[in-house]
Amino acid sequence: MIMKIEDFSFNYKSNVIFDRVNFYFEDKQINFVLGENGSGKTTLLDLIADVDSTRPKNFVGFPPPAQIAYLSQGNNFNDELTVNDILKFLPQLTDVNKFKTPAVIKKLKNVKFGDLSGGERRIVLVFINIVIERELYIFDEPETGIDLKQSQEIFVWLRELVERGKTVIITTHKLDNISDIDNVNYIKNEQEVLVDNFLKVKSRMAF
Ligand SMILES: Nc1ncnc2c1ncn2[C@@H]1O[C@H](COP(=O)(O)OP(=O)(O)OP(=O)(O)O)[C@@H](O)[C@H]1O
């Protein structure tokens, strides 16, 4: 099933963010939302995830919030908990999958969340959102502060989710991990969204 948003307009008071634009997201694929700073990517993800229970009626085919894992730019955990504590308690809070714990996470198991570096914290948060069992996984700039090698590993995890039949929506400013099989929604300044394959979109990008 295709998740889609058609004829969508949104503004913060006089600041028009979207003016009658369309987005399409493919089931069981990685779907990118690209665009300049302030173009409305986080606004869009918040509405898809329905964080304020204000998802508009013309957002069609998206699962209910209970079936969505959403890593926003601001997510955090209690500083005193170790990575192991968090992973241990997670199954008591929600359904989890059998994703194998990668070496990078094992290495950090006994470190308190508050003592992790910025990049390590982000990797742990990405992994926690991956082991939660959901239909749709949304990541707002998951690679922020993460080095190239780890950011490539995150995409190995995301592609494994897709192989397991899950759908991913992700924003990023790094183009390295986009493949030509992925679906790309590119928000242009002129309130237009290009939904195209990566190679065509890449040739139009200027950021
Ligand atoms: N709650 C709000 N009230 C008013 N304006 C807002 C609010 N949230 C965001 N904005 C404005 O809406 C615009 C889009 O913001 P948004 O965070 O969606 O952009 P973005 O594409 O995610 O940017 P970035 O790449 O920098 O994360 C920005 O100009 C921002 O200042």
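Shown above is the structure to which this text applies.
Residues numbered from 1 in each chain as written. Predicted model: local features only at pLDDT ≥ 70, side-chain atom pairs only at ≥ 80, totals over all residues. Heavy atoms only, no water.

*Asks:* Quick one: what's the story with the packing of aromatic side chains, residue by residue and with numbers?
*Replies:* Under the definition given, this model contains twelve aromatic pairs. Taken together, a centroid distance of 5.0 Å and an interplanar angle of 80 degrees make the contact between Phe10 and Tyr12 edge-to-face. Measuring from centroid to centroid gives 5.9 Å for Phe32 and Phe155, while their planes differ by 10 degrees, and the two rings are stacked. Residue Phe32 is located in strand β3 (residues 30–35), and its partner Phe155 is located in helix α5 (residues 148–163); the two are separated by 123 residues in the primary sequence. You'll find Phe32 and Phe155 in the same group, each marked buried. One aromatic cluster is present, built from ring pairs that chain together Phe8, Phe10, Tyr12, Phe18, Phe23, Phe25, Phe59 and Phe62. The ring of Phe89 carries Lys88 above its face, with NZ or CZ at 5.8 Å from the centroid. One cation-aromatic arrangement involves Arg121 over Phe113; the distance from NZ or CZ to the ring centre is 5.7 Å. (Phe/Tyr/Trp six-rings, centres within 6.5 Å; stacked < 30°, edge-to-face > 60°. Helix = DSSP H or I, 4+ residues; strand = E, 2+ residues; numbered from the N terminus. Buried < 20%, exposed > 50% of the residue type's maximum accessible area, 1.4 Å probe, protein only. Lys NZ or Arg CZ within 6 Å of the ring centre and 35° of its normal.)

*Asks:* Lay out the pattern of salt bridges in plain terms, naming residues and giving numbers.
*Replies:* One pass over the structure, following the stated rule, counts five salt bridges. Of the charged contacts, one joins Asp7 and Arg20 as a salt bridge, the two residues approaching to 2.7 Å between their closest N and O atoms. Pair noted here: Asp7 is in strand β1 (residues 2–12) and Arg20 is in strand β2 (residues 15–26), with a separation of 13 residues, a long-range link. Owing to a relative accessible area of 58%, Arg20 belongs among the exposed residues under this scheme. For the salt bridge of Lys112 with Glu80, the shortest nitrogen-to-oxygen distance reads 3.0 Å. Of this pair, Lys112 sits in the loop between α3 (103–106) and α4 (118–131) while Glu80 sits in the loop between β5 (68–71) and α2 (83–93), and the two are 32 residues apart along the sequence. Accessibility expressed as a relative area gives 33% for Lys112, which makes it partly exposed. The exposed category is assigned to Glu80, whose relative accessible area is 53%. (Salt bridge = Lys/Arg side-chain N within 4 Å of Asp/Glu carboxyl O.)

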